[in-house]
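# Coordinate analysis (summary)
Okay, here's what each chain looks like letter by letter:
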Amino acid sequence: MTTIAFYQYLIHFTVILTILITMAVYLLTSRRNAFGSELITDQRLRRKAGWLILIYAFIYLANIPMVLWLADDLQLLQMATVTVDMTIWCPVVLHFLLELLQDRRHWDNRLLLISVLAVMPLTGWLLTGYTWWKWAVYGMYIAEVVFFIGWYIRAAIAYHRFLADNYADLEHKEVTWSWIILSSMFFSLINYLLMLFQGDMQICVALSYILHFADILFIGIIVWYIDHQQVLEPLTAEAVAEELAMEEEADTDDTSNMLTNQPTKDDIIVIKTGALLRKHCEEAQLFLQHDLSLKTVAQVCNTNRTYLGRYFASQGLTYYTYINKLRINHFQSLYRETLKGENTPPTLQQLSIDSGFVSYTTFSRAFLACTGISVRQWLEQVKLEE
């Protein structure tokens, strides 16, 4: 690398580091959302994201001497860069992305094991000098990334199910942002692989500029996501223990009832839970409450989330579908009443809010999901009926 090219690269690194450190300081010091609304965001996630970006800045700093010392040996430079990313960046990023899904687990030791294994191919190449170790490094990197992406997709799907089972309003809780983050990460991966399999130093430098832009985009999306993500209350240890005990008790009673051919306790639970929901949720119109969670419904019905979950499963519903079907039916009744009135009817936005939805956007998505047609198509049907 020529002196001019190196200084250009150094200036580029300085700009990237400035952006990264600014984002990290913002997350670590600011308690207000610069990009989001007045949501209560998770301060723990903000701190973790800040430290994650600082780790990334440290990796950028480590790349500067590596580029300077190994500029004449592109192959060794590529292998060293990949090994650093496999042992530090990839496991830390995956752990944090799981945290973004409010997965609240501690560090998974499998990530540490993968980090240790990632060092072995580079060590073998340095000790033996065999060329095939280079392909072992690249192969392990690709396998690690594919494994991490699969892990993240599985966790995101599970998180989506958790939201549907516990929340009626998914605004500021949607898992859609997770797919956007995954897409930006995949874009970075493609650029990274193109850079790895390139033998020309100048082309590698040009591709690294694109890669750094993709990385900044990835980090920026994470910061935006945190500023728009509402904090979710975790289950307490006492609540988890109580629900597990109830499940074990119900399973024991089901086994004994099967032997005597009597209705199982699970059947009785479903019947009683359905009656409680009709009384306290449907007839009392509890579903009109904004941001209604399964926990709140359980408290009002004087039951628990396990029994409610069994009832919804027996009906082939999720909690999200159950509440929003009630809200949509209420909206349809309100709209038909406005057609009969002589005064100026309220707007669709106001009717959706009066039906329990936090916004018209949330309402239109739920309407399409629950009815299979858009709000506009349903309005046209009503006009034809009238």
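Details of the structure are given in the entry above.
Residues numbered from 1 in each chain as written. Predicted model: local features only at pLDDT ≥ 70, side-chain atom pairs only at ≥ 80, totals over all residues. Heavy atoms only, no water.

This paragraph deals with the overall build of the chain. The secondary structure content of the chain amounts to 15 helices and zero strands. Of all 386 residues assigned to the chain, the portion counted as buried reaches 47%. In the chain, once contacts between residues fewer than 6 apart in sequence are set aside, the share between residues at least 24 apart is 74%. As displayed, the chain has an accessible area near 20600 Å², and 62% of this comes from carbon and sulfur atoms. (Helix = DSSP H or I, 4+ residues; strand = E, 2+ residues; numbered from the N terminus. Buried < 20%, exposed > 50% of the residue type's maximum accessible area, 1.4 Å probe, protein only. Contact = heavy atoms within 4.5 Å. Areas by Shrake-Rupley, 256 points an atom, 1.4 Å probe, with all protein chains shown as cover.)

The next point concerns the side chain of Asn 304. By secondary structure assignment, the location of Asn 304 is in the loop between helix H10 (294-300) and helix H11 (305-314). According to the relative accessible area criterion, Asn 304 is buried, its value standing at 9%. There is a polar contact of 2.9 Å between the side chain of Asn 304 and the backbone nitrogen of Thr 306. Here Tyr 307 takes part through its backbone nitrogen, which lies 3.0 Å from a polar atom of the side chain of Asn 304. (Polar contact = N/O pair within 3.5 Å; in protein donor to acceptor, adjacent residues only side chain to side chain.)

Our next topic: unusual backbone geometry. Although it is not a glycine, Asp 291 sits at a positive phi angle of roughly 55 degrees. Tracing the chain through its elements places Asp 291 in the loop between helix H9 (265-283) and H10. Residue classification places Asp 291 among the partly exposed positions, given a relative accessible area of 33%. With a phi close to 55 degrees, Asn 302 is a non-glycine residue in the positive phi region. The exposure class assigned to Asn 302 is exposed, which follows from its relative accessible area of 70%.

Positionally, Ser 184 belongs in helix H6 (residues 176-196). On the accessibility criterion, Ser 184 (6% relative accessible area) is buried.

Where nonpolar side chains cluster on the molecular surface, the patch consists of Trp 135, Ile 142, Val 146 and Phe 197 and spans about 400 Å² of accessible area. On the secondary structure map, Trp 135 appears in helix H5 (residues 132-166). According to the relative accessible area criterion, Trp 135 is partly exposed, its value standing at 49%. (Patch = residues over 30% accessible without salt bridge, like charges linked within 9 Å, V, L, I, M, F, W, Y side chains within 5 Å. Salt bridge = Lys/Arg side-chain N within 4 Å of Asp/Glu carboxyl O.)

A few words on helix H14 (residues 360-371). Between its terminal C-alpha atoms H14 stretches 16 Å, which fits the 16 Å expected from twelve residues at 1.5 Å a residue. When H14 is considered as a whole, its buried residues turn out to be Thr 362, Phe 363, Ala 366, Phe 367 and Cys 370. Down the axis, H14 shows its buried residues gathered within 130 degrees of arc, on one side only. Those residues of H14 that are buried are in contact with helix H12 (319-340), helix H13 (348-354) and helix H15 (375-385). A positive backbone phi angle near 85 degrees is found at Gly 372, which sits one or two residues after H14. (Expected span 1.5 Å × (residues − 1). Arc of directions from axis to C-beta.)

Take it as geometry only, folks, not as evidence of what the structure does.
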